[in-house]
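Each chain, written out:
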Amino acid sequence: LPEVFIGVGSNVQPEAHIRKALTLLRQQVIIKALSTFYRTLPLGGPAAQASFINGVLIAETDLPPLELKNSVLRGIERRLGRRRSVDRYAPRPIDLDIILYSTLVTKEPGMLIPDPQLYDRPFLALPVSELAPDLVLPDSGMAIAAVAAKHTENAMKPLFGYTAKLRKEFAHEH
Ligand code: PH2
Ligand code: MG
Ligand code: MG
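Attention in this report is confined to the structure presented alongside it. Quick caveat, the model's predicted, so the values are computed rather than measured.

### Focus: the overall build of the chain
Counting its secondary structure elements, the chain contains 5 helices and 8 strands. In the chain, the succession of helices and strands from N to C terminus is β-α-β-β-β-α-β-β-β-α-α-β-α. Of the contacts made within the chain by residues no fewer than 6 positions apart, 71% connect residues no fewer than 24 positions apart. Total accessible area on the chain stands at roughly 8800 Å², and carbon and sulfur atoms take up 55% of it.

What follows is the structure, encoded as structure tokens:
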């Protein structure tokens, strides 16, 4: 089955919303592994915005990317009360993004894989590197370790207790 790296983020009751999102997600895909989850400062948008929790998981699914995104991920976002508006920095109960889909490279509008944000967001690069330290990115040929090395965990606080609980509850045992 294709391995998909999915970015998870929330800044509205994030502990609870991420747990609910994973409960729904695992009804539709196999959750193989969870990165460390971090408390992160809001990037872009109004500075007064609430902080986020961000992390990345590896899923296995035979769903093609468009279906995974539009029915599964968007479906969970809607069920958790996310309403999309013109404000791309609006607080969100849950955000689920396809970061990598196996070795696929696609540049269609609305379906950029690998997600270009992987290159400039520490809360994506560091977790992906934790989950797959030897990964080579299929679009650029860059090593994820090199991308992650450009970032520091300065603005990221690892949530070890929360991560352990998520792993116990949701990560499929190998
Ligand atoms: N997502 C955003 C904007 N800012 N900041 C953090 N810390 N985490 C996010 O997931 C995030 C953000 C919209 O793309
Ligand atoms: Mg996002
Ligand atoms: Mg998104």
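### Description of unusual backbone geometry
Excluding glycine, residues mostly carry a negative phi; peptide bonds, for their part, are mostly trans. The linkage connecting Ile113 with the following residue, Pro114, adopts the cis geometry, with an omega of -5°. Of note in this structure, Gln13 is not a glycine but carries a positive phi near 40°. Tracing the chain through its elements places Gln13 in the loop between β1 (3–10) and α1 (14–25). Although it is not a glycine, Ser102 sits at a positive phi angle of roughly 50°.

### Digging into the coordination of the magnesium ion (ligand 3)
For the magnesium ion (ligand 3), the protein coordination sphere consists of Asp95 (OD) and Asp97 (OD), at 2.1 to 2.2 Å. Separating the magnesium ion (ligand 3) from the magnesium ion (ligand 2) is a gap of 3.6 Å, which Asp95 spans by donating to each of them. Looking at Asp95, the relative accessible area reads 14%, which means it is buried. What makes Asp97 partly exposed here is its relative accessible area of 23%.

### Looking at α1
When the terminal C-alpha atoms of α1 are compared, their 16 Å separation across 12 residues agrees well with the 16 Å that a helix rising 1.5 Å per residue should span. Residues of α1 that are buried include every one of Pro14, His17, Ile18, Ala21, Leu22, Leu24 and Leu25, and no others. Buried residues of α1, viewed axially, fall in a sector of 160°; they line one side.

### So, the pairing of strand β2 (residues 30–34)
Along β2, 4 of the 5 residues are buried, which leaves the element largely enclosed by surrounding structure. As defined by bridge partners, β2 adjoins strand β4 (residues 52–60) across 4 bridges and the pair is classed as antiparallel. Paired with Ala33 across the bridge in β4 is Ile58.

### Comments concerning the site of ligand 1
Taken together, Thr40, Leu41, Pro42, Leu43, Phe52, Asn54, Tyr89, Arg92, Arg121 and Phe123 are the residues near ligand 1. Taking Leu41, its main chain carries an N or O atom lying 2.7 Å from a nitrogen atom of ligand 1. Interatomic distance of 3.2 Å between a side-chain N/O atom of Arg121 and an oxygen atom of ligand 1. When ligand 1 is considered free in solution it has 340 Å² of accessible area, and contact with the protein chains removes 94% of it.

Cut-offs and rules
Per chain, residue numbering runs from 1 following the sequence as it is written. Just so you know, chain letters begin at A and ligand numbers begin at 1, following the order they were written in. Reporting in this predicted model follows two pLDDT cut-offs: at least 70 for local features of residues, and 80 or more for side-chain atom pairs to be given and counted; totals over whole chains, interfaces and linings ignore these cut-offs and use all residues. No hydrogens and no water enter the side-chain calculation; it runs on all heavy atoms of the structure. Secondary structure follows DSSP: runs of H or I at least 4 residues long count as helices, runs of E at least 2 residues long count as strands, and numbering of each begins at the N terminus. We call two residues in contact whenever any of their non-hydrogen atoms come within 4.5 Å of each other. Under the convention used here, a 1.4 Å probe and the Shrake-Rupley method define accessible areas, while residue burial counts only the protein chains that appear. Any N, O or S atom lying within 2.8 Å of the metal counts as a donor, and for Na, K and Ca the limit rises to 3.2 Å; water is left out, so some sites can look incomplete. Note on exposure labels: buried denotes an accessible area under 20% of the residue type's maximum, exposed denotes more than 50%, and partly exposed covers the range between, all computed with a 1.4 Å probe on protein chains only. To estimate how far a helix should extend, the number of its residues minus one is multiplied by 1.5 Å. By definition, the arc is the one covered by directions from the helix axis to the C-beta atoms. Two strands pair under a simple rule: DSSP has to find at least two bridges between them. Being near a molecule or strand, for a residue, means having at least one of its heavy atoms within 4 Å of it. Contacts described as polar in this section are N or O atom pairs within 3.5 Å, which, within protein, must combine one atom able to donate a hydrogen with one able to accept it, while residues neighboring in sequence count only if both atoms come from side chains.

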